[in-house]
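So the chains spell out like this:
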Amino acid sequence: MFKNNTQLDTSVSSDAKFAQIRTYDLFTLNGSLYAFYSNYTDTNLCNEIYRYENGNFYYYCDLPDNLTAQRTTYRPIDTKLQYHGKLYFTTGNLYVTADLKTAQKTVLEQNSIVTDLQVIEDTLYAMTAAKNEDGTYRTAIWCRQKGTKEHFRELFYFNFPCPAQCFTYYEGTMYFGMGDGLLSQNDPLNGTILSVYVLG
């Protein structure tokens, strides 16, 4: 990986007590290959995007500086996908970008976390999780309205003792992978898969 025509030095300086140097994700956008790169030490935080050209990855830009996260995670980007020439990605919040240098935040529901994204039959879906007053979690599925500027409509929701981390659609049914990182590894709810039949 190169920045300003200089190959990156990923060794940790003697001043740093710890370091996390990672290529967190690879993705394509409008025909180009990119990498999310993060160099995190106790003295510095660097989250950058590199673009693949002529056999190497070269610095393209920093992650947009307006990004905020709603949960503690070791990954700067949780989930991402390309849809109609734009990159949609989550940090707990939902963002969309066409050039990777600026990002627009889309709020689906107050006090909720966006946990997953899927494209099903050319429609973009997002899933959110929000904690209820009784300690359960409200999981909701949203779809992007066609012909609108990042407007999403809630399709349905359900309540469960822990939030959903992922979902997919298969033969008329949506499947949800449940689990909360704060729960004990031995908690029987971790790893639960729920299915919801979707009416045509």
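Below is a summary of the structure that appears in this document. (Residues numbered from 1 in each chain as written. Predicted model: local features only at pLDDT ≥ 70, side-chain atom pairs only at ≥ 80, totals over all residues. Heavy atoms only, no water.)

So, the sheet that holds strand 15 (residues 164–170)
Here is step 1 of the chain: An order of 15-16-17 is seen for the three strands of this open sheet, with the pairing classed as antiparallel. Single-partner strands in this sheet number two, and they are strand 15 and strand 17 (193–197). Direction aside, the axes of adjacent strands within the sheet are offset by 20° on average.
Here is step 2 of the chain: Pairing between strand 16 (residues 173–178) and strand 17: five bridges, direction antiparallel. Across the sheet, the residue bridging to T173 is Y197, located in strand 17. (Pairing = 2+ DSSP bridges. Helix = DSSP H or I, 4+ residues; strand = E, 2+ residues; numbered from the N terminus. Axes fitted to C-alpha atoms, helices over the stretch in contact; angles between N-to-C directions.)

Here we look at unusual backbone geometry
Here is step 1 of the chain: The phi dihedral of N54 is positive, around 50°, even though this residue is not glycine.
Here is step 2 of the chain: Looking at the secondary structure, you find N54 in the loop between strand 5 (45–53) and strand 6 (56–62).
Here is step 3 of the chain: For N54, a relative accessible area of 75% puts it in the exposed group.
Here is step 4 of the chain: Even without being a glycine, N111 presents a positive backbone phi close to 65°.
Here is step 5 of the chain: Relative to the assigned elements, N111 resides in the loop between strand 10 (104–106) and strand 11 (113–120).
Here is step 6 of the chain: Overall, the relative accessible area of 70% leaves N111 in the exposed class. (Buried < 20%, exposed > 50% of the residue type's maximum accessible area, 1.4 Å probe, protein only.)

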